[in-house]
Amino acid sequence: MDFRLTDEQRELQQAARAFARAELRPIAEVLERDNVPPSRDLVKRYAEMGFLGVNVPEALGGLGLGNVEALIVLEEFAKISSAVAFPIFESMVGPVRAIEHFGSDSLKQRIVPKVCSGEMIVAVAMSEPEAGSALTDLRTRAVVDGERVTLNGTKRWCSGGGHADAYVVYCRLNDDPGASAIGAVLVEKGASGLSFGPNESLMGFRGIPSADLNFDDCVVPLDNVIVPAGGFKKLMEAFDLERCGNATMALGQASGALEDVIAYVQERKQFGKPLAEFQAVQMKLADMQMKVEAARLLIWRAAANAESGLPSVLDSSVGKCFANSIAREVTGDALQLMGAYGYSREFPMERRLRDSWGWGIAGGAIDIQKVNIAGAMLGRRFDQRR
Ligand SMILES: Cc1cc2nc3c(=O)[nH]c(=O)nc-3n(C[C@H](O)[C@H](O)[C@H](O)COP(=O)(O)OP(=O)(O)OC[C@H]3O[C@@H](n4cnc5c(N)ncnc54)[C@H](O)[C@@H]3O)c2cc1C
């Protein structure tokens, strides 16, 4: 067991860090102020630097590295802001990985290289008005008829909704009850019968558009079926990687807050000396450091254990649950240590706190992760309906 990064991993981390620190801070401020996503030009720049496909096979346009490398890069962007990191999150750990793992060869070739080159953004549409934590209650129906698939239903809270070029839509592909009918279909933005609700106004996640998707006899080709009915387990396996990405986005809020506050408490003086000289401040810093380090190790363990495939539900849920929880605590402590400056919108600290709250709901609420963890620990599935 070796907890050190390799030289190559450190170089990649440095490259991501240098780019993110040098260029993305002013952009993050604009995305937050105007609540707009990163420009397509910026996404293309990410692509040119290889940041969109770190863990995607070279044959599909990526760098062919592992999930650990992808998450190392993602954290450096997330430290700046969720919005600037979101295109990287979507491309490296998002729904496009379900296409890569389970789609037909022609679908993979059509979509994945375009995502790596920044020409296409793919979002995930799972949640519905009546199906949040109880995802298998989803009702969106897809009917296969020869070479066509017709979808009807409504999706809610889709991050990237209205902005992304394509959507991995979880839907029922037959009339069986529960999870056994669930699969996923790719719907491209211009598909007939697809419309979007207004952009949601959320507590955080500014610069990450969120909208309902409405399918009204929406027609797509049969090749767009990524996973047929009965493939819910497969979709959840791909989602185990997304969970590590969600955890890394939360971690980035915490580790970015810690880096900023370490500088602040050494500079800001009260009672004639820097804040860092007060023992109560030192205790807080130590607590924050322990939480950030522990979250990072849990996430990297989940990714490293799954280097050749997808992480386990136990490892990924432990990482997400812990990172989601400590991100709220660490950003809250960092805000407190900056006093009124932390509370001011002039500085990124309050934004990190708001975004941290969102990461602990998105991709499965913290308590749902605990249900997953207990189930995996005891080798059982706890049916929430009985
Ligand atoms: C910022 C953000 C981004 C999102 N992005 C996307 C996206 O891109 N695509 C998408 O499909 N969805 C997205 N979502 C939706 C997200 O997946 C759901 O919000 C989440 O699964 C919780 O569902 P819900 O909001 O309906 O809460 P509910 O299911 O109503 O749950 C509310 C609360 O009740 C508790 N609870 C519920 N069930 C249980 C249980 N069995 N045991 C213990 N406690 C329980 C939990 O504390 C939970 O937080 C996003 C949400 C947010 C906030």
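Residues numbered from 1 in each chain as written. Predicted model: local features only at pLDDT ≥ 70, side-chain atom pairs only at ≥ 80, totals over all residues. Heavy atoms only, no water.

Chemist: Describe empty space enclosed by the protein, naming the residues involved and giving the relevant values.
Modeler: The tally for this structure, following the rule as stated, stands at four cavities of 30 Å³ or more. Reported here for the largest cavity is a volume of approximately 110 Å³. In terms of lining, the largest cavity is formed by 13 residues, of which the most central are Pro37, Phe86, Pro87, Ile121 and His163. Residues that form the lining of the largest cavity fall into these classes: nine nonpolar, three polar and one charged. Empty space within the second largest cavity amounts to approximately 70 Å³. Forming the walls of the second largest cavity are Val93, Gly94, Pro95, Arg97, Ala98, Val124, Tyr170, Leu235, Ala238, Phe239 and Glu242. Going through the elements one at a time, α5 (96-102) and α7 (232-267) are the ones with two or more residues in the lining of the second largest cavity. Split into classes, the residues belonging to the lining of the second largest cavity amount to eight nonpolar, one polar and two charged. (1 Å grid on protein atoms, 1.4 Å probe; cavity = no way out; pocket = protein on both sides within 12 Å on 5 of 7 lines; lining within 4 Å. Points joined across faces, edges and corners; volume = space filled by probe spheres on them. Nonpolar A, V, L, I, M, F, W, Y, C, P; charged D, E, K, R; others polar. Helix = DSSP H or I, 4+ residues; strand = E, 2+ residues; numbered from the N terminus.)

Chemist: Mind laying out unusual backbone geometry, listing which residues take part and the relevant values?
Modeler: A positive phi angle is found at phenylalanine 205, which is not glycine, with a value near 60 degrees. Position of phenylalanine 205 relative to the elements: it lies in the loop between β6 (194-196) and β7 (210-221). According to the relative accessible area criterion, phenylalanine 205 is buried, its value standing at 9%. Of note, phenylalanine 271 is a non-glycine position whose phi angle comes to about 50 degrees, a positive value. (Buried < 20%, exposed > 50% of the residue type's maximum accessible area, 1.4 Å probe, protein only.)

Chemist: How would you sum up helix α4 (residues 82-93)? Please name residues and give values.
Modeler: Between its first and last C-alpha, α4 extends only 14 Å over twelve residues, short of the 16 Å set by a 1.5 Å rise per residue. Its side-chain oxygen at 3.3 Å from the backbone nitrogen of alanine 83, serine 81 defines the N-terminal cap of α4. (Expected span 1.5 Å × (residues − 1). Polar contact = N/O pair within 3.5 Å; in protein donor to acceptor, adjacent residues only side chain to side chain.)

Chemist: I'd like a description of the packing of helix α3 (residues 67-80) against α4, backed by residues and values.
Modeler: α4 packs onto α3 with a crossing angle of 160 degrees between their chain directions and a minimal axis gap of 7 Å. When the interaxial angle is binned, α3 and α4 end up roughly antiparallel. Crossing hand, α3 versus α4: left-handed. Listed contacts from α4 to Ala70, Leu71, Val73, Leu74, Phe77, Ala78 and Ile80 of α3 are Ser82, Val84, Ala85, Ile88, Phe89, Met92 and Val93. In terms of residue class, the contact of α3 with α4 is built from 13 nonpolar, one polar and no charged. (Axes fitted to C-alpha atoms, helices over the stretch in contact; angles between N-to-C directions. Parallel < 35°, antiparallel > 145°, perpendicular 65-115°, else oblique. Left-handed = near helix turned anticlockwise from the far one by under 90°. Contact = heavy atoms within 4.5 Å.)

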